[in-house]
Amino acid sequence: MSIKAAVMPGPDAAIELWKLDDPTIEPGGVLLETVASEVCGTDVHLHHGRLSGVPYPIIPGHVSVGRVLEARGVSTDSLGLPLGPGELVTFYDVHEACYACYFCLVARQPNRCPHRRVYGITYSAHEGPLGGWAERIYLKPGVKILKLPESLGVDDVIGGGCGLFTGFAAVERSDLALGDVVLVQGTGPVGLSAIAFAVLRGAGVVVAIGHPADRLELARALGADVVLSLSADPPEKREAEVRELTGGRGADVVIEAAGAPAAVPEGLRLVRDGGTYVIAGHYTDTGSATINPHVDINRKHAEVRGCWGTEFHHVQRALQLLAKHRDRFPFARIIGGRYPLEQAGAALADVEALAVTKAVITPNQR
Ligand SMILES: [Zn+2]
Ligand SMILES: [Zn+2]
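Once a new chain begins, its residue numbering starts again from 1 and follows that chain's sequence as written. Chain letters start at A and ligand numbers start at 1, both assigned in the order the entries are written. A pLDDT threshold of at least 70 governs which residues receive local features in this predicted model, and a stricter bar of 80 or more applies before side-chain atom pairs are shown or counted, although totals over entire chains, interfaces and linings include all residues. Side-chain measures here rest on the full set of heavy atoms in the structure, leaving out hydrogens and waters.

J.: Which parts of the structure should I look at to understand the overall build of the chain?
T.: Working definition: helices are DSSP H or I runs of at least four residues, strands are E runs of at least two. Numbering for both runs from the N terminus. A tally of helices and strands in the chain yields 11 helices and 17 strands. Note that the radius of gyration is over C-alpha atoms, with the globule rule given as 2.2 Å times the number of residues to the power 0.38. Against the compact-globule benchmark of 21 Å for 366 residues, the chain has a radius of gyration of 20 Å, which places it among compact chains. Burial classification: accessible surface area is computed with a 1.4 Å probe over protein chains only, and a residue below 20% of its type maximum counts as buried, one above 50% as exposed, and the rest as partly exposed. Burial status across the chain gives 54% buried among its 366 residues. Whether two residues touch is decided by their heavy atoms; if any such pair falls within 4.5 Å, the residues are in contact. Put simply, 70% of the contacts in the chain that link residues at least 6 apart link residues at least 24 apart. With residues, only the protein chains shown are counted as cover, and all accessible areas are computed by Shrake-Rupley using a 1.4 Å probe. Roughly 15100 Å² of accessible area belongs to the chain as shown, and the carbon and sulfur atoms make up 51% of that amount. A residue counts as positive if it is Lys or Arg and as negative if it is Asp or Glu; His and the chain ends are not included. The atom standing in for a charge is NZ when the residue is Lys, CZ when it is Arg, CG when it is Asp and CD when it is Glu. Each charge class in the chain was averaged separately, 34 positive and 41 negative side chains, and the resulting centres sit 3 Å apart.

J.: When you look at the coordination of the zinc ion (ligand 1) in this model, what are you seeing that I'm missing?
T.: Six octahedral donors around a metal ideally subtend angles of 90 or 180 degrees, whereas four tetrahedral donors ideally subtend 109.5 degrees. Keep in mind that water is not among the atoms, so a site may look incomplete; donors are the N, O and S atoms within 2.8 Å of the metal, or 3.2 Å for Na, K and Ca. The protein atoms that coordinate the zinc ion (ligand 1) are Cys 98 (SG), Cys 101 (SG), Cys 104 (SG) and Cys 113 (SG), at distances spanning 2.3 Å. For the zinc ion (ligand 1), the four donor atoms in the first shell make angles of 104 to 118° at the metal, so the coordination geometry reads as tetrahedral. Using a relative accessible area of 27% as the deciding quantity, one classes Cys 98 as partly exposed. Think of it this way: with four donors and all angles in the 85 to 135 degree range, the site is tetrahedral; with four or six donors, opposite ones beyond 155 degrees and the rest between 65 and 115, it is square planar or octahedral; otherwise it is irregular.

J.: Which parts of the structure should I look at to understand the sheet that holds strand β12 (residues 226–229)?
T.: Think of a sheet as strands paired side by side through backbone hydrogen bonds, with each pair either parallel or antiparallel. For two strands to pair, DSSP has to find at least two bridges joining them. One open sheet holds the six strands; their spatial order is β12-β11-β10-β13-β14-β15, and the pairing between them is parallel. In this open sheet, the two strands that pair with only one neighbour each are β12 and β15 (303–306). With direction set aside, neighbouring strand axes in the sheet form an average angle of 15°. Here helix α6 (residues 213–221) sits on the sheet in contact with β11 (205–210) and β12, set at roughly 165° to β12. For helices, the axis comes from a line fit to the C-alpha atoms of the stretch in contact; other axes are also lines fit to C-alpha atoms, and the angle between any two N-to-C directions lies between 0 and 180 degrees.

J.: Got a minute to help me understand the packing of helix α4 (residues 162–174) against helix α5 (residues 189–200) in this structure?
T.: Helix-helix packing: each pair is described by the crossing angle between the helix axes and the interaxial distance. Following both chains from N to C, one finds α4 and α5 inclined at 50°, their axes separated by 7 Å at the closest point. Viewed along their axes, α4 and α5 adopt a mutual orientation that is oblique. The two elements α4 and α5 meet at a crossing, and its hand is right-handed. Here Gly 163, Leu 164, Thr 166, Gly 167, Phe 168 and Val 171 of α4 come into contact with α5, specifically with Pro 189, Val 190, Ser 193, Ala 194, Phe 197 and Ala 198. Polarity classes work like this: nonpolar for Ala, Val, Leu, Ile, Met, Phe, Trp, Tyr, Cys and Pro, charged for Asp, Glu, Lys and Arg, and polar for all others, with Gly in that last group. Considered class by class, the residues forming the contact of α4 with α5 number eight nonpolar, four polar and no charged. Oblique is the label for any angle not under 35 degrees, not over 145, and not in the 65 to 115 range, which are roughly parallel, roughly antiparallel and roughly perpendicular in turn. Handedness of a crossing is defined here by the sense of rotation of the near helix relative to the far one, left-handed for an anticlockwise turn of less than a right angle and right-handed for a clockwise turn.

J.: Can you help me understand the coordination of the zinc ion (ligand 2) in this one?
T.: Each protein donor to the zinc ion (ligand 2) is listed here as Cys 40 (SG), His 62 (NE2) and Cys 162 (SG); together their distances run 2.0 to 2.3 Å. Sequence positions of the donors to the zinc ion (ligand 2) reduce to the motif C-x21-H-x99-C. Highlighted residues: Cys 40 in the loop between β3 (30–39) and α1 (41–47) and Cys 162 in helix α4, separated in sequence by 122 residues. Like Cys 162, Cys 40 is buried.

J.: Honestly, the side chain of His 95 in this entry has me stumped. Any pointers?
T.: Note that His 95 resides in strand β6 (residues 94–95). Residue His 95 is classed as buried on the basis of its relative accessible area of 5%. In contact with His 95, not counting residues within four places along its chain, are His 115, Arg 116, Arg 117, Tyr 119, Tyr 123, Lys 140, Pro 141, Gly 142 and Val 143.

J.: Sorry if this is basic, but what is going on with the pattern of salt bridges here?
T.: Pairs can form between side chains of opposite charge once their charged atoms are near each other. The rule for a salt bridge is simple: a side-chain nitrogen of Lys or Arg has to be within 4 Å of a carboxyl oxygen of Asp or Glu. Taken as a whole and judged by the stated rule, the model has 16 salt bridges. Between Lys 4 and Glu 342 there is a salt bridge whose closest N-O contact spans 2.6 Å. One end of the pair, Lys 4, is in strand β1 (residues 3–7); the other, Glu 342, is in the loop between β16 (335–339) and α11 (344–352), and 338 residues separate them in sequence. With its nearest N and O atoms 3.0 Å apart, the salt bridge here joins Arg 305 to Glu 303. What makes Arg 305 buried here is its relative accessible area of 17%. Classification of Glu 303 as partly exposed rests on a relative accessible area of 37%.

J.: Explain the packing of α4 against helix α10 (residues 312–324) here, please?
T.: α10 packs onto α4 with a crossing angle of 100° between their chain directions and a minimal axis gap of 9 Å. The angle between α4 and α10 places the two elements in the roughly perpendicular class. Side by side, α4 and α10 meet where Leu 164, Phe 165, Phe 168, Ala 169 and Glu 172 of the first sit next to His 313, His 314, Val 315, Arg 317, Ala 318, Leu 319, Leu 321 and Leu 322 of the second.

J.: I tried to follow helix α8 (residues 263–270) on my own but got confused; where do I start?
T.: Each α-helix winds once per 3.6 residues, and so residues spaced three or four apart point in a common direction. In terms of burial, α8 is a largely internal element, seven of the eight residues being buried. Among all positions in α8, only Ala 263, Val 264, Pro 265, Glu 266, Gly 267, Leu 268 and Leu 270 are buried.

J.: What is the right way to read the domain arrangement of the chain from this model?
T.: Frequently, the measure chosen for interface size is the accessible area that the parts lose on association. Domains are outlined according to an automatic or database domain assignment. As far as domains go, the chain holds domain 1 (3–151 + 326–361) and domain 2 (163–306). Taken over C-alpha atoms, the centre of domain 1 sits 28 Å from the centre of domain 2. The interface is formed by 18 residues belonging to domain 1 together with 22 residues belonging to domain 2. For the pair domain 1 and domain 2, the interface holds one salt bridge. The definition of a polar contact used here is a pair of N or O atoms within 3.5 Å, where within protein one atom must be able to donate a hydrogen and the other to accept one, and adjacent residues in sequence count solely through side-chain atom pairs. Seen at the junction of domain 1 and domain 2, the total is four residue pairs in polar contact (both at pLDDT 80 or more). Class assignment for the residues of the side of domain 1 that touches domain 2 results in 10 nonpolar, three polar and five charged.

Pasting the structure below:
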């Protein structure tokens, strides 16, 4: 039986439907039937060739939920919970960090391990169904699998998708303190997740800047106290509002989840002196921005931190928190459309046009 997959053949080329051979399941390997995968902003950027080193053609879809079809010698998930056929799981999209290099062992930054591979991004479609836009996904030996917590449905997880884990990682990286005023730039899935986790971590006030209106409404639903519109409120007005909320100082923590270079000078302007700025929205290269190092960083004594991808614990802990607070944080509402593989190109276009916040790919729903 072959596997149908939606393939991104190269930058700016139309999505194609391919038939792949069923993979040979190695000892320690697991085959999933894909229940839902996602289109994230990164996929839009990959479609335009904005990340170096991507081995096109690829099967996109880095975060997915699936059902175990077949496992060879795997009877538990990564944390020891029993795992059998038919069970719903997700998995950590990063694979093969080596735990043997300088970055893994000395710097303790496995995110920058040169051996790191990522499902849906760094595997060629010729290597097999190693992305979520396919009827089945092959989890190679060593991929970290997590059983979905009982209280979570597929939509709760895939509604935030990879943004759930990146948003968690960005909040963790900010070292947000109880009562801090937090500004989140961007109201896509990463920004929306950062809002929810900032609330859980004890932010005093959460301000969000984003657009369009339906995303600002989601930002409120996920816990933003104040929302400012990127399109309707001019930058001077946004700055005035943030200053008014903070006694003129600016936000204690700013998290960039916008993915637009222009967000960075604005974020640096809006972080208070000695505050922390986490840049999480530029996983791909969307260009440069101009800052004044003296005014924006040095004199400000600002702490600027990049946030590249996630680690396993971000995925595990984000899921645990979501399982506990599911009723407060309606991530399933972020889903704006469901697309079969044949419409993966349309899903990409809708995400790029901001017509939907989270587009979900459902390869096995007819
Ligand atoms: Zn390494
Ligand atoms: Zn993503």
